[in-house]
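Structural characterization, general
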Amino acid sequence: MRILDHTGAVLRDEADSGDRGRPEVDRGQLRDLLIDSLPEGTIHWGSKVTAVRPVDDVAGRHEVAFASGETITTDLLIGADGAWSKVRPRVSDARPAYTGISFIEADLFDADARHPAEAAAMGGGMLFALRGETGILGHRETDGSLHVYLGFTAAEDWAESVDFGDSSAATATVLDRLDGWDDALRGMIGNADTPLTARAINALPLGHSWPRVAGVTLLGDAAHVMSPFAGEGANLALYDGALLALAIADHVGDTEAALAAYEADLFPRAAEAAAQSQESMGIIFREDSPKGLVEMFAAFDEQKAATSGE
Ligand SMILES: Cc1cc2nc3c(=O)[nH]c(=O)nc-3n(C[C@H](O)[C@H](O)[C@H](O)COP(=O)(O)OP(=O)(O)OC[C@H]3O[C@@H](n4cnc5c(N)ncnc54)[C@H](O)[C@@H]3O)c2cc1C
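In short, a report on the structure. (Residues numbered from 1 in each chain as written. Predicted model: local features only at pLDDT ≥ 70, side-chain atom pairs only at ≥ 80, totals over all residues. Heavy atoms only, no water.)

Some points on the overall build of the chain
Selection rule: Labels follow the DSSP assignment, with helices taken as runs of H or I lasting at least four residues and strands as runs of E lasting at least two, numbered in each case from the N terminus. Both definitions apply: the radius of gyration is a C-alpha atom measure, and the globule rule equals 2.2 Å times residues to the power 0.38. Think of it in three bands: with a 1.4 Å probe and only protein chains considered, a residue is buried below 20% of the maximum accessible area for its type, exposed above 50%, and partly exposed in between.
Each helix and strand in the chain was counted, giving nine helices and twelve strands. A compact globule built from 310 residues would reach a C-alpha radius of gyration of about 19 Å, and the chain, at 22 Å, matches this within 12%. With the C-alpha coordinates of the chain rotated into their principal frame, the extents come out at 60 × 55 × 40 Å. Classification of the 310 residues of the chain by burial places 40% in the buried group.

Some points on the side chain of Arg-12
Checked against the element boundaries, Arg-12 lands in strand β2 (residues 10-13). The exposure class assigned to Arg-12 is buried, which follows from its relative accessible area of 14%.

Structural notes on empty space enclosed by the protein
Using the following cut-off: Cavities and pockets are found on a 1 Å grid laid over the protein atoms alone: a cavity is a set of points where a 1.4 Å probe fits but cannot escape, a pocket is an open set with protein on both sides within 12 Å along at least five of seven lines, and a lining residue has an atom within 4 Å of such a point. Grid points are joined across faces, edges and corners, and a volume is the space filled by probe spheres set on the points.
Counted under the stated rule, the structure contains one cavity of 30 Å³ or more. Estimates place the volume of the largest cavity at around 50 Å³. Residue lining of the largest cavity: Leu-204, Pro-205, Gly-207, His-208, His-224, Val-225, Met-226, Ala-270, Ala-271 and Ala-274, and that is the complete set. It is helix α8 (residues 255-284) that provides the largest number of residues to the lining of the largest cavity, a total of three residues.

Some remarks on the nonpolar core
Note that soluble globular proteins tend to have their nonpolar side chains buried in a common cluster. To be explicit about the condition: Only buried residues count toward a nonpolar core. Its members are Ala, Val, Leu, Ile, Met, Phe, Trp, Tyr and Cys residues joined through side-chain atoms within 4.5 Å. Residues count as neighbours in contact if any of their non-hydrogen atoms are within 4.5 Å of one another.
Of all hydrophobic cores here, the largest spans 29 residues; its most connected members are Leu-127, Ile-136, Val-148, Leu-150, Leu-185, Met-188 and Ile-189. For Leu-185, the contacting residues outside a window of four places in its chain are Leu-4, Asp-5, His-6, Gly-8, Ala-121, Leu-127, Ala-129, Ile-136 and Leu-178. Of all hydrophobic cores here, the second largest spans 20 residues; its members include Val-52, Val-91, Trp-210 and Leu-219.

So, the pairing of strand β3 (residues 49-56)
Note the cut-off: Whether two strands pair depends on DSSP finding at least two bridges between them.
Pairing geometry for β3 and strand β4 (residues 61-66), over six bridges, is antiparallel. Bridge assignment links Pro-54 to a residue of β4, and that residue is His-62. In textbook terms, the turn of a hairpin is the stretch between consecutive antiparallel strands, and for β3 and β4 this stretch comprises four residues, one of which, Gly-60, has a positive phi near 75°.

Concerning the packing of aromatic side chains
Applicable threshold: The pairing test for Phe, Tyr and Trp rings, Trp by its six-membered ring, is centres within 6.5 Å, and the orientation test on the planes gives stacked under 30 degrees, edge-to-face over 60, and tilted for anything in between.
All chains considered together, the criterion is met by seven aromatic pairs. Between Phe-103 and Phe-229 the ring centres are 5.8 Å apart and the planes differ by 80°, which places this aromatic pair in the edge-to-face class. Residue Phe-103 is located in strand β7 (residues 97-108), and its partner Phe-229 is located in the loop between α6 (221-224) and α7 (233-250); the two are separated by 126 residues in the primary sequence. In this structure Phe-229 comes out as buried when scored by relative accessible area, which is 9%. Between the aromatic rings of Phe-229 and Phe-285, the centroid separation amounts to 5.4 Å while the plane-to-plane angle is 75°, which identifies the pairing as edge-to-face. Residue Phe-229 is located in the loop between α6 and α7, and its partner Phe-285 is located in the loop between α8 and α9 (291-307); the two are separated by 56 residues in the primary sequence. Side by side, Phe-229 and Phe-285 carry an identical accessibility label, which is buried.

Brief notes about the pattern of salt bridges
Note the cut-off: When a carboxyl oxygen of Asp or Glu lies within 4 Å of a side-chain nitrogen of Lys or Arg, that pair is called a salt bridge.
If you walk through the whole model with that rule in mind, you get 15 salt bridges. Of the charged contacts in the structure, one is a salt bridge between Arg-186 and Asp-179, with a shortest N-O distance of 3.9 Å. Residue Arg-186 is classed as partly exposed on the basis of its relative accessible area, which comes to 22%. With its nearest N and O atoms 2.9 Å apart, the salt bridge here joins Asp-288 to Arg-286.

Brief notes about unusual backbone geometry
Geometrically, the link from Ser-289 to Pro-290 is a cis peptide bond, its omega value of 15° lying close to zero. Among the structural elements, Pro-290 can be located in the loop between α8 and α9. Despite not being glycine, Asp-110 has its phi angle at roughly 45°, a positive value. You can see Asp-110 is positioned in the loop between β7 and α2 (111-114). Looking at Asp-110, the relative accessible area reads 44%, which means it is partly exposed.

What about the environment of Arg-95?
Tracing the chain through its elements places Arg-95 in the loop between β6 (77-79) and β7. Residue Arg-95 is classed as exposed on the basis of its relative accessible area, which comes to 58%. Sequence spacing of Arg-95 and Ala-234 is 139 residues, and the spatial spacing of their C-alpha atoms is 19 Å. Once residues lying within four places of it in the same chain are set aside, the contact partners of Arg-95 are Trp-84, Ala-203, Leu-204 and Pro-205.

Here's the deal with the site of the ligand
Under the convention used in this document: Throughout, the term near means that a residue has one or more heavy atoms lying within 4 Å of the molecule or strand in question. Distance and chemistry together define a polar contact, namely a pair of N or O atoms within 3.5 Å, with one atom able to donate a hydrogen and the other to accept it when in protein, and with adjacent residues in sequence counting only for side-chain atoms on both sides. Using a 1.4 Å probe, the Shrake-Rupley method yields the accessible areas, and only the shown protein chains count as cover for residues. Gly is placed with the polar residues, together with every amino acid not listed as nonpolar (Ala, Val, Leu, Ile, Met, Phe, Trp, Tyr, Cys and Pro) or charged (Asp, Glu, Lys and Arg).
Around the ligand sit 19 residues, and of these Arg-27, Val-49, Asp-221, Gly-233 and Ala-234 come closest. Val-49 places a main-chain nitrogen or oxygen 2.8 Å from a nitrogen atom of the ligand. Coverage of the ligand by the protein chains reaches 60% of its 1,000 Å² of free accessible surface. When its residues are assigned to classes, the shell around the ligand shows seven nonpolar, six polar and six charged.

This is how it looks when you write it as structure tokens:
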């Protein structure tokens, strides 16, 4: 992990200081590993849920309708369907709202050979290159590509004024946000191999929870979509799934007890990560950035040194 300022000056480089207890895995590889561990036919690909309705509130039975026109009924419905969950409205009226931060997403392929300056600036893992309320957050992927987000504070509808269908005009408009930045950092946007994609960062209210509703629960982003600045969203989704499975195994024959136990742990866990993410968002996109982020990691170092008695 490295922190740079907009001139490309390296303010922190953790290349030689271990992984801070946060090992990383390529998402596609992990996904394949998990999918390949399941018996053939477990996943019904292409089954888009269009509606969910209760058929027996007491027994907790639900009918799930699919785009194909097929319906099923189930006595255990787990909404793991992301930020815009079709299941969430069964338990909560909350909807994700814009955080005030927008991203532009881009990829640079075969970076060491084709984009050496950008690859050198990225370093070996994760990058924060920051200037005030604008920042490049990037990652070197295991296939040698660079995955880049340009993040900035903006009105929710800012992207409507940009014609992303006209690639070179869109790139020029976006690059205006990086006036005065180091060429290699600008190159992460200007020399991207993919069209630039605008993404609004949305989040559910901090501490989102719901009362127990028979036969249904949520996990992952469906339960607690948050801004990505704690780097915990995917971790939590996997962890939620594992703990829900354990709760079900621990309460065989009593689904309600399993779901109640699962949710009792889920809500504080998600609230803590969401609060961390919101705090980091404030630090990353602060007027004096990257100062705050550098200080935050220095404070982690001090804590670590104090607890290890160094
Ligand atoms: C820009 C950005 C950067 C991020 N960076 C990080 C990071 O560095 N680290 C990290 O841990 N997290 C990060 N996250 C967050 C992370 O991507 C999510 O928290 C994580 O993907 C949530 O997993 P999930 O399975 O709950 O939801 P999703 O990954 O959204 O998966 C939901 C699934 O449900 C399916 N689905 C949706 N609707 C329906 C429907 N109606 N019918 C059937 N299926 C449906 C979707 O196709 C999808 O397969 C980032 C997020 C963003 C936006």
